[in-house]
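# Close look at the chain arrangement
What follows is each chain in one-letter form.
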Amino acid sequence: MLNLIITFLKYILTICLLLVLSNALVFGQTSKPRDFVVVLDAGHGGHDPGARGVVENEKDIVLDVTLRLGKLIEDEFKDVKVVYTRRDDRFVELHQRANIANQNKADFFISIHCNSAARTSAYGTETFVLGTEDNRSSANFEVVKKENSVILLEDNYEEKYQGFDPNSPESFIGMMLMQNVHLENSLKFAAEVEHNFVHKDKRHSRGVKQAGFMVLWRAATPAVLIELGFISNQEEGRYLASIEGKRKSAESIFQAFKKYKHNWDVRRGNISKLEALPPAKQEQVKQEEAVAGVLYKVQFLTSTRRFRPTAPQLKGLRNVEIIQDGRVYKYYYGSTSFRSKRDELLREVRGKGFPDAFVVEFETADKPKQNTPRATAANTQSQTPAAAQAAASKPVANTAEASKTGYRIQIFSSRSNYSATAPQLKGLKPVDKIFENNFFKYFYGWFADENEARKQLDYVRGRGFADAFLVQFRNGEKQ
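### Some remarks on the overall build of the chain
- Scanning the chain for helices and strands turns up 13 helices and 16 strands.
- When burial is assessed residue by residue, the chain has 48% of its 479 residues classed as buried.
- In the chain, of all internal contacts separated by at least 6 residues, the share reaching a separation of at least 24 is 75%.
- Put simply, the chain shows about 23800 Å² of open surface, and 51% of that area lies on carbon and sulfur atoms.

Here is the structure:
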């Protein structure tokens, strides 16, 4: 029991040192971007043949796949440094493989292996990340024991690995403390590898698993151990020994790396938002030019209430701009000078549950003295600034109603000049408008009696204008 406690304490000390090293690699970086470093580890080698296959041994298959993978990465990415633990048939000690990753400040570590089983019907790929979750499975523990037993071929392995016994489940206790440091990134990569094996190569996947591989534990970076398949299986062994099998295996891993590297660059701001888009979308954005002097925003709500940013009435929309106009508040979402982005914003808002949202144009710095919004031609009938100024000199209302006294229902206000058949009016008729203070106020009906007006107000709100309200007029003027 005392020996187990001492061994456990040694594991904790080692883990702490690895964590310090990992943090130093992160926080020691300068603001200048550096190359992404990936360490590729071809398992076994030299006097360690690994699993014996029906055609070719593990050490030879994985070396071929590893070199193919490295070339694919080097040809595609000029900003990636590829480091190999071995490039020929030599034996590299297990701890030294991880040390190579740590000494090169690796951003990812990929160890490639082949599987074997006494039951020759066993087949399929599987990718492991560090953990103890699956060590309870006897089948998985046998895989772990087999890969970790390589240390028994090394001189003074008891001293190098602090008494680690690859045949003892208790030796994996210390690994539990390290499994979550890089687990999320490792799992994402592993899942993508298995996805490619299935959907690209039409292979059978045994899934992503967690296990206590010594080579993963010692690497202070996101890391995976990939089992390409069972070379003890007649069909799979021949496939993995073939040129096609090796090529496709390397390509599947490469596609997973390519996606991981892309996301890594986006997170660190190494590539612009434009470069992060798919090529077809990039070309579309490149050809589009910003509309000079115009800023598009989506108006999705008008209310007599001012809602807080997290109010349920905003249905999860964030960074909402609120403009007060007299007794009402107008709610805007987004801001862009590109028509394609404008349309995306409109679709997003309508998808949030505002089917009547519409786009409004605001003049920008090109005309700093006139930050006046107007409706876009894509969604409304537009009015030029000159026409709006001319309209401001007199109310835009039915002249026959101009001298009336009573109540009217204001259904909404907008900087947009809508026609009588515009969808924003939702079929409500008759509606007329008054232009004042740079806004068009839209009114429904004339009612001499307030009670009758309130009955009609319920009707208007039922048509979808929940924020409609009564306005009193005297001799055609608002009171």
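### Notes on helix 6 (residues 183-199)
- Taking 1.5 Å per residue, 17 residues should reach 24 Å; helix 6 reaches 24 Å between its end C-alpha atoms and fits that length.
- Within helix 6, burial applies to Leu183, Ser186, Phe189, Ala190, Glu192, Val193, Glu194, Asn196 and Phe197.
- Its buried side turned inward, helix 6 meets strand 3 (108-115), strand 4 (125-130), strand 5 (205-211), strand 6 (223-230) and helix 9 (243-268).

### Digging into the sheet that holds strand 4
- Across the sheet, which stays open at both edges, the 6 strands sit in the order 2-1-3-6-4-5 with mixed pairing between neighbours. The two strands at the open ends of the sheet, each matched to only one other strand, are strand 2 (80-84) and strand 5. Here the average twist between neighbouring strands, direction ignored, is 20°.
- Across 5 bridges, strand 1 (residues 36-42) lies against strand 3 in parallel orientation. The residue of strand 3 that forms the bridge with Val38 is Phe108.
- With respect to the sheet, helix 6 is in contact with strand 3, strand 4, strand 5 and strand 6, its orientation differing from that of strand 4 by roughly 175°.
- Taken strand by strand, helix 9 contacts strand 1, strand 2, strand 3 and strand 6, and its axis lies near 155° from that of strand 1.

### Focus on the packing of helix 2 (residues 58-76) against helix 9
- Where helix 2 meets helix 9, the axes come as close as 8 Å, and the angle between the chain directions of the two elements is 45°. Between helix 2 and helix 9, the angle is such that the two are oblique. Crossing of helix 2 against helix 9: the hand is right-handed. For the pair helix 2 and helix 9, the contacting residues are Ile61, Asp64, Val65, Arg68, Leu69, Leu72, Ile73 and Glu76 in the first and Ile243, Lys246, Arg247, Ser249, Ala250, Glu251, Ile253, Phe254, Phe257 and Lys258 in the second.
- Looking at side-chain class alone, the contact of helix 2 with helix 9 contains 10 nonpolar, 1 polar and 7 charged residues.

### As for the packing of aromatic side chains
- Going through the model one piece at a time under the given rule, you end up with 21 aromatic pairs.
- With a centroid separation of 5.8 Å and an interplanar angle of 35°, the aromatic rings of Phe307 and Tyr331 are classed as tilted. Of this pair, Phe307 sits in the loop between strand 7 (294-303) and strand 8 (321-325) while Tyr331 sits in strand 9 (residues 328-336), and the two are 24 residues apart along the sequence. An identical accessibility class is assigned to Phe307 and Tyr331; each is buried.
- Ring centres of Phe412 and Tyr418 lie 6.0 Å apart, and the angle between their planes is 55°; on these two criteria the pair is classed as tilted. By the burial criterion, Phe412 is buried, and Tyr418 matches it.
- Of the aromatic side chains, those joined through ring pairs into one cluster are Phe36, Phe77, Phe108, Phe189, Phe254, Phe257, Tyr260 and Trp264.
- The ring of Phe362 carries the charged tip of Lys297 above its face, separated from the ring centre by 4.7 Å.
- Across the ring face of Phe354, the terminal group of Lys315 is positioned such that the distance to the ring centre comes to 4.6 Å.

### With respect to the sheet that holds strand 14 (residues 439-447)
- Strand order in the open sheet formed by 5 strands is 13-14-12-15-16, with antiparallel pairing between adjacent strands. The open sheet has two edge strands with one neighbour each: strand 13 (431-436) and strand 16 (477-478).
- Here 5 bridges tie strand 12 (residues 406-414) to strand 15 (residues 469-474), and the two strands are oriented antiparallel to one another. Paired with Tyr407 across the strands is Gln472, a residue of strand 15.
- Against the sheet, helix 13 (residues 450-462) touches strand 12, strand 14 and strand 15, its axis set at about 25° to strand 12.

### A look at the confidence of the model for the chain
- Of the residues in the chain, 71% have a pLDDT of 70 or more, and the chain-wide mean is 77.
- Segment residues 367-403: pLDDT under 50, and 65 contacts once partners within four positions in sequence are set aside and those in other chains are kept.

### Digging into the pairing of strand 6
- Within strand 6, 8 of the 8 residues are buried, leaving the element largely enclosed by the surrounding structure.
- Bridging between strand 3 and strand 6 involves 6 bridges; their strand directions are parallel. Within strand 6, the position partnered with Ile112 by the bridge is Ile226.

### Description of the pairing of strand 12
- Where burial is concerned, most of strand 12 is hidden: 9 out of the 9 residues are buried.
- Bridge analysis of strand 12 against strand 14 gives 6 bridges, and the strand direction is antiparallel. Bridging across to strand 14, Tyr407 finds its partner in Phe447.

### Observations regarding the pattern of salt bridges
- Summed over all chains, the structure comprises 24 salt bridges.
- Lys258 is the salt-bridge partner of Glu76, the closest N and O atoms lying 3.6 Å from each other. Of this pair, Glu76 sits in helix 2 while Lys258 is found in helix 9, placing the two residues 182 residues apart along the sequence.
- Linking Asp325 and Lys330 is a salt bridge whose minimum nitrogen-to-oxygen distance equals 3.5 Å. The same class applies to Asp325 as to Lys330, namely buried.
- Three or more residues are tied together by salt bridges with common partners; here these are Lys200, Asp201, Arg247 and Glu251.

### Topic: the nonpolar core
- Judged by nonpolar contacts, the single largest core of 39 residues is most densely connected at Val38, Leu69, Ile73, Ile110, Phe189, Leu228 and Ile253.
- Sorting the residues of this core by element identifies strand 1, helix 2, strand 2, strand 3, helix 6, strand 6, helix 8 (234-241) and helix 9 as the ones contributing at least two each.
- In this structure, Ile110 is in contact with Val38, Val39, Leu40, Asp41, Leu69, Phe189, Val224, Ile226 and Ile253, ignoring residues within four places of it in sequence.
- Counting residues in each nonpolar core, the second largest holds 25 residues, with Leu425, Leu428, Phe435 and Ala453 among its members.

### Things to note about the environment of Ile231
- With respect to the secondary-structure elements, Ile231 resides in the loop between strand 6 and helix 8.
- Look at Ile231 and you get buried, because its relative accessible area is 0%.
- Ile231 sits 107 residues away from Gly124 along the chain, and the two C-alpha atoms are 9.8 Å apart.

Criteria and thresholds
Residues numbered from 1 in each chain as written. Predicted model: local features only at pLDDT ≥ 70, side-chain atom pairs only at ≥ 80, totals over all residues. Heavy atoms only, no water. Helix = DSSP H or I, 4+ residues; strand = E, 2+ residues; numbered from the N terminus. Buried < 20%, exposed > 50% of the residue type's maximum accessible area, 1.4 Å probe, protein only. Contact = heavy atoms within 4.5 Å. Areas by Shrake-Rupley, 256 points an atom, 1.4 Å probe, with all protein chains shown as cover. Expected span 1.5 Å × (residues − 1). Pairing = 2+ DSSP bridges. Axes fitted to C-alpha atoms, helices over the stretch in contact; angles between N-to-C directions. Parallel < 35°, antiparallel > 145°, perpendicular 65-115°, else oblique. Left-handed = near helix turned anticlockwise from the far one by under 90°. Nonpolar A, V, L, I, M, F, W, Y, C, P; charged D, E, K, R; others polar. Phe/Tyr/Trp six-rings, centres within 6.5 Å; stacked < 30°, edge-to-face > 60°. Lys NZ or Arg CZ within 6 Å of the ring centre and 35° of its normal. pLDDT = per-residue confidence, 0-100. Salt bridge = Lys/Arg side-chain N within 4 Å of Asp/Glu carboxyl O. Core = buried A, V, L, I, M, F, W, Y, C linked by side-chain atoms within 4.5 Å.

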